[in-house]
Amino acid sequence: MRVRASLLAGICASAISFPAFAQEATDDDLTDPQFGNTVIIVTAQRQAQSLQEVPIAVSAFDAEALEAQQIENASDLQLTLPNVSFTKSNFTASSFTIRGIGDLCVGVSCDSATAIHLNSAPLFSTRLFETEYFDLERIEVLRGPQGTLFGRNATSGVVNVVTAKPELGAFRASGEFEYGNYDSIRARGMLNVPLGDTMALRAAGYYLNRDGYTRNLFDGSRIDGRDMYAVRGSFRWEPGPDTTIDLLGFYFRENDDRLRIQKQLCQRDPTGVLGCLNTRRDFAKTNANSTFTGTLGSSEFLAINGIPATLGLNSLYGPDAYANFNEPNDVRVVNTQFTPEYFSDELQLQAHVEQGFGPLKLSVTGTYQETEVDSRQDYNLGVGAIPQAGTAFTTLNSLAANGIPIFDPVTDAFLGFAPGTGAYFQPIVDALFDGTGNLCVSDTRLDNRGAFEGERICTPDGTQFDRSNQQTKGWSVEAILSSDFDGPFNFLLGGIYAENEFSENSYYVNAFAIDYIAGVLGSFTSLGGGLPPSYLGTSFFRNNTSDFKLESFGIFGEVYFDITDRLKVTAGLRYNDDSKSIQARSTLASFLVPYGTTDPFATPFGGGFDADPATNPDPALNLANPGDPETTCADISPVGPIGSVPGCEAFQERSVGFDEMTGRLVVDYELSPDNHLYFSYSRGYKSGGINPPLQPIFQVNDSFDSEQIDAFEIGSKNTFLDGSLQVNLTGFYYKYSDLQLSRIIARTSVNDTIDAKIWGLELETIMRPSYNWLINMNVSYLNAEVDGDQFFSNPRDPGGGDPSAVIIKDITNGALCAVTGAGANAFVGLVNGGLGLQAPAPFPADGGIASNGAFSICSVLDAQTANPAFAALGPLDVLSPGVQVNLRGNKLPQAPEFKASIGVQYTAEFDNGMSLVPRFDLAYTGEQFGNVFNGNVNRIKPFVQANAQIQLNGADDRWFVRGFIQNIFDSDSVTGLYVTDASSGLFTNIFTLDPRRYGIAIGAKF
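Residues numbered from 1 in each chain as written. Predicted model: local features only at pLDDT ≥ 70, side-chain atom pairs only at ≥ 80, totals over all residues. Heavy atoms only, no water.

K.L.:
What is the right way to look at the overall build of the protein chain in this model?
P.N.:
When helices and strands are tallied, the protein chain shows 10 helices and 55 strands. Against the 2.2 N^0.38 benchmark of 30 Å for 1006 residues, the protein chain shows a C-alpha radius of gyration of 31 Å, consistent with a compact globule. Overall size of the protein chain, expressed as C-alpha extent along the three principal axes, is 110 × 55 × 55 Å. When each of the 1006 residues of the protein chain is scored for burial, the buried share is 60%. In the form shown here, the protein chain has an accessible surface area of approximately 36,000 Å², with 56% of it arising from carbon and sulfur atoms. (Helix = DSSP H or I, 4+ residues; strand = E, 2+ residues; numbered from the N terminus. Rg over C-alpha atoms; globule rule 2.2 N^0.38 Å. Buried < 20%, exposed > 50% of the residue type's maximum accessible area, 1.4 Å probe, protein only. Areas by Shrake-Rupley, 256 points an atom, 1.4 Å probe, with all protein chains shown as cover.)

K.L.:
Explanation requested: the state of the cysteines in the structure shown.
P.N.:
A covalent bond bridging the sulfur atoms of two cysteines is what the word disulfide describes. Within this structure, the stated rule accounts for 4 disulfides. Covalent S-S linkage joins Cys 266 and Cys 276, the inter-sulfur distance amounting to 2.0 Å. Residues Cys 266 and Cys 276 are joined through a disulfide that is left-handed, its torsion about the S-S bond being -120°. Taken together, the residues Cys 266 in the loop between strand E17 (263–265) and helix H4 (292–296) and Cys 276 in the loop between E17 and H4 connect sequence positions 10 residues apart. Paired through a disulfide, Cys 633 and Cys 648 show a sulfur-sulfur distance of 2.0 Å. (Disulfide = S-S within 2.5 Å.)

K.L.:
What is the right way to look at the sheet that holds strand E6 (residues 114–118) in this model?
P.N.:
What links the strands of a sheet is backbone hydrogen bonding, and the strands pair in either a parallel or an antiparallel sense. Spatial strand order, E3-E8-E9-E6-E7: 5 strands in an open sheet with mixed pairing. Of all strands in the sheet, those bounded by a partner on one side alone are strand E3 (57–62) and strand E7 (121–122). Both strand E8 (residues 136–143) and strand E9 (residues 157–163) contribute to a ladder of 7 bridges, which runs antiparallel. Opposite Ile 139, over in E9, you have Val 161 as the bridge partner. (Pairing = 2+ DSSP bridges.)

K.L.:
What is the right way to look at the sheet that holds strand E44 (residues 877–879) in this model?
P.N.:
Pairing within the open sheet is mixed, and its 5 strands lie in the order E42-E43-E40-E41-E44. Strands with a single pairing partner mark the edges of an open sheet, and in this sheet they are strand E42 (841–842) and E44. Inspection of the sheet shows strand E40 (residues 806–810) paired to strand E41 (residues 816–820) by 4 bridges, in the antiparallel sense. Along E41, the bridge assignment pairs Lys 809 with Leu 816. Sheet strands touched by helix H9 (residues 824–835): E40, E41 and strand E43 (852–856). Its angle to E43, the strand with the most contacts, is close to 25°. (Contact = heavy atoms within 4.5 Å. Axes fitted to C-alpha atoms, helices over the stretch in contact; angles between N-to-C directions.)

K.L.:
Explanation requested: the pattern of salt bridges in the structure shown.
P.N.:
Opposite charge on two side chains allows them to pair when their charged atoms are near. By the definition in use, this model includes 49 salt bridges. With a closest N to O distance of 2.9 Å, Arg 280 and Asp 282 form a salt bridge. On the basis of relative accessibility, which here comes to 30%, the residue Arg 280 falls in the partly exposed class. Asp 282 gets classed as partly exposed once you look at its relative accessible area, which sits at 23%. Three or more residues are tied together by salt bridges with common partners; here these are Glu 67, Glu 72, Glu 132, Glu 176, Glu 178, Arg 186, Arg 188, Arg 962 and Arg 997. (Salt bridge = Lys/Arg side-chain N within 4 Å of Asp/Glu carboxyl O.)

K.L.:
Would you mind showing me how to read unusual backbone geometry here?
P.N.:
Residue Thr 538 is reached from Gly 537 by a cis peptide bond, and omega for that bond is -5°. Omega for the peptide link from Ser 880 to Pro 881 comes to 5°, which places this bond in the cis form. You can see Pro 881 is positioned in the loop between E44 and strand E45 (884–886). The phi dihedral of Leu 381 falls on the positive side, at around 45°, and the residue is not glycine.

K.L.:
Would you mind going over the packing of aromatic side chains with me for this structure?
P.N.:
Any two aromatic rings considered together are summarised by their centre-to-centre distance and by the angle between their planes. Within this structure, the stated rule accounts for 34 aromatic pairs. Where Phe 502 meets Phe 548, the ring centres are 5.4 Å apart and the plane angle is 85°; that geometry is what we call edge-to-face. With a gap of 46 residues between them, Phe 502 in strand E26 (residues 489–511) and Phe 548 in strand E28 (residues 541–562) connect regions that are remote in the sequence. The ring of Phe 732 carries the charged tip of Arg 99 above its face, separated from the ring centre by 4.1 Å. Between the NZ or CZ atom of Arg 210 and the centre of the ring of Tyr 213, over which it lies, the distance is 3.4 Å. (Phe/Tyr/Trp six-rings, centres within 6.5 Å; stacked < 30°, edge-to-face > 60°. Lys NZ or Arg CZ within 6 Å of the ring centre and 35° of its normal.)

K.L.:
Is there a simple way to think about the nonpolar core in this case?
P.N.:
Across soluble globular proteins, nonpolar side chains have a tendency to be buried as a group. Membership of the largest hydrophobic core comes to 75 residues, with the highest contact counts inside it found for Leu 311, Phe 393, Phe 425 and Tyr 516. Broken down by element, the residue count for this core peaks at 9 residues, all from helix H8 (residues 512–528). When near neighbours in sequence (up to four residues on either side) are disregarded, Tyr 516 contacts Leu 311, Leu 313, Ala 392, Phe 393, Leu 396 and Leu 432. (Core = buried A, V, L, I, M, F, W, Y, C linked by side-chain atoms within 4.5 Å.)

K.L.:
How should helix H6 (residues 389–402) be read in this particular structure?
P.N.:
Since one α-helical turn is 3.6 residues long, residues separated by three or four positions face the same way. Taking 1.5 Å as the rise per residue, H6 with 14 residues should run 20 Å; its terminal C-alpha atoms sit 19 Å apart, in good agreement. Those residues of H6 that sit buried are Ala 389, Ala 392, Phe 393, Thr 395, Leu 396, Leu 399 and Ala 400. Burial along H6 is one-sided: seen end-on, the buried residues are contained in an arc of 160°. Seen from the buried face of H6, the exposed residues on the opposite side, beyond 90 degrees, are Gly 390, Thr 394 and Ala 401. (Expected span 1.5 Å × (residues − 1). Arc of directions from axis to C-beta.)

Pasting the structure below:
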C-alpha cells in the first residue's frame, strides 16, 4: 500500500501545525508551497498511511496541536472532537464515549467500550486518563467500531497514544515551565541523546503541583489539588535499513487530595422514604432517615426487634442527621471533616520490533503494565449530627456500666441488672468513643480490621467515608505481518494474546452509625443466643474482588484490493476468544464476630454466611425443614467458620467465556486526488462479564451478555481551493444489541443489557485563507436511543408512576420495593399498624412521584399478601426493587445531541524571525442525560468552554513565552452523573470540568 501525501492531511480534528515526524511530500503532491511540504501519517489501519486517505473517521493531533489548543488530558480532548464526550465516574474510573457508546457497564469484569492503546498496543485498567500529555508524537482518535484491527472491546472506537521516538544522529533537548492560579506549577522536559549512528536514547517527564479547586468550609482548607509526575524513557536501535527495535519504560505517580466526585446534589425528600426526590437536583443533602444507617439505627427498627428504642440514633419520623445541614450553593465549596486522599501509579514497559523482508514487514509488540489506585473521601461530603445522640449514648453507657436492667413482668418494678451483661456493651463504648468527645469509625483496611479490632479514625462528629482501591497487572503480545506490493493486492495478518489480572479491587463505605449498629445488633444477638459478646461483621460495607483474571486471544486479517486506480476494497475478519474468572464477596453486618477477634473472617460463627447464594447448601442441613431442596444458608445454624458448611461459600466464584467473529468491509472511491468517498460496514464485539455478589440478596443475573454492534458508515474526505480548505463529512448508523448498562442494587453496580439504535452526522473543516490564518470548525449531531421494549425499574421512582402503588423503604436493609394493587395503601397501613409503623403518605407535589410512600419491611408485606384477611383488598404484589417501566425511545447516557467547536489562530511574523501567535477556541456541548431513565432530574445542561492564549516565539523557534486562560467564563460544566443506591438515599454525584485557569509559561529547545 503506497502512501500518497496530500495537503493538510491529518489535521482532521482542528489541527494546528505540521509535526516534525511527518514524511516529506513530493512536488506533485503540493498545490501551493507556501503551506508547507509535510503530511500527517497515522496508523489507523495498523500501517503508516496519509490520514486524509484512510477510509475511517479518524482525528489526529500532533504535539504542537495539543499545545496550541491547550489539550492537556482526555477531559480537554473531548471539547474539539465531534460526537465524543468524556467524564470521570464514581469509582476512580472514567468513561470516554464515542458516538453514544461509552462505559455504561460498571464492575471489575467490565471491558471499556473505547480501546485505549499505547503505540497501537492495548492497555488494561490504565490510569492514562489521569496523567497529562507530554512528549507525544500524536494522538489518534478513531470513531466507530475498530474491532477487526484493534481488538475485542473497540465497539465505540480507539484512542491511540503515540509517543515521540528517539531521533537518531541528533542531540535534542527542550524544557518548559508554567505558573498559574491556584499556585499551579507545571514543568515538562525532554532530552534526546544519539548513541552513534544507529542508536538513540530519549528521556522525558512532567511534574504538576497545584492547590485544590475546592474550598472546605469545615477548616478553611483547599482540597482537590494535584501532586503528580511521570517519566518516560525510550531507546531506538536500527541495526540495518530493514530493522527497527524500540524499547519504552513509563512510570506515573500521583499522591494528593483529589476528589473523585465534585459535588452531591439532591431534591430533599421530607418523608425520608426515598431520601431524594425525582424532579430536579438541588443543593441539598439526602434525608438520612432513608439510608441503611437511618433505618437500622432507628428507634422503630430496634423496638420491632425487642431492643430498647432509647438506643436508636434517630426516629424514622423525626429529624435526620442532615436536618440542619446547610449545603453550600457552589459546586466548588464543601463542608467535610474527612480530607480526601488519592494515590495512583502505573508502570508500563513496551518492546517493539519491526523487520522488513522486501515488500513484507513483520512487527512484534510486547507490553507489560502494573497499575494501582486508592482513593478515600467523605461519602456524603457533609457534616451530619446524630438526632438522638444524648439519649442513645446515655443508654449505651448505662448498659456497659451496669448491664441489662431486669423488671418484674407483672408490676414492672425494677429488680436490678442481669449479671455479666455489661460485657456485651463495654466493647462498643471502648471502640467508638475515644474519651475526649470524638466519635470513632472503622478504618478501611485490606485485612478487614475495624474499630472493634482497634483500627479506627476519630473525629468530633463521627465522619463517614468511602474507599475505592484497585491493583492490577496485565501483558500482551501481538504480531502483525503486512505487505506493500506494487500490484493491486495487499494483506495484513495478525494475532494477539493478552492477560489481565486484578489482585485487589474493593469498595468500602464506613460511618460511625454503621459501627454503632453492628455493635448494638451484634451484642443483643449474641446475648440472646447465649454466645460470647460479639458484633456483626464486617462493621463496614465492603464489596471485594480478591481475584479476577482475563485471558484473551484474537486472530485477525485484512485484504486490500485495488479494483481500479480509483476504486479500492478492504475486507477483514477477526476471531475473538475471551475467558473471565472471578472470586468476590460482599459483606456488611453479615455474621457474628466475637469482640477481640483479630480477623473478622476468622469468626467461629460464620457457617451461615454465604457469598454465593446461587449455590444451595446440603438440604439435610436445614434445621427448620430438613431435606428442603430450596435450603439457603440462612436456614442453617451460623456456628462454624466461614466456608465450613457445604454450599455456604466464603467467596462467590464464577467463570464465563465468550467468543465472536467480527469483521469489516470498506469500499473506497477516489473522485480525484484530493477527494475521496467511502462506505463501510463493520461488526463490533465487547465481551460480557460477571455480576458481583449482592448484600442483601436480590434476584439478578449472575452474568451479563456480550455486546454486538452492526455499524454502517459513509464518509467523504476532501481538499479544495488549492489546499486551503479541507472538508470531511461522515454519516453513520448503528444497530446495537445487548448494550451493557449498569444500575445500583443493594449498594452494588449490577449490569443488564438493552438494545439501542444510533445515528448521526459529523462535519469537520479546516480553512487556511492565507499563510497566517488557520480556522478549524467541527459540528456533529447524534441520536442515540433505546430500541424496542426494554423494561427496568427506576431507582428514583420504584412506583413506576403508578398512583395506586406504595413505595416501601425496607427498614431492615435500606432497600426499596413497591406494593401494587388497588388496595395497596390500605394493605400497607394495616400491616404497618401491627409493626408500630405509620401508614403510607404522599410525597411532595413537586417531587415527581405519583405513588405514596411508607417505611415497612418488604419480606413481611410479601408474606402477608397471601393472608386471607386481606383478600377483600384485591390482588397485591410486592415488587423488588420496584415497578418496571418501558425505556423505549429514551436517550442513552453521555450522548450529547449537538456538539460544535471553532478555533481561530493567527501567526504574525516579524523581520527578526520572531512570531506572535494568538489563538481562541470555543466549544459547545449540547444537552445530554446522566442515565438511561432520562427526565429533568437526570438532564445535563448544555455548556460552553472557551480558551485563549497568545505565544511569542523566538527566532528559529528556540524559545517561547506564552500567556493562557482556560474556561474563560468559569463555567461549572457538568460532564456526568452517578445516582447512588437506595440505601444511601439516592443522591446524585456530579462530575465537572476544571474551573477557570490562567497563567504564563516559558520554554526553550535546542
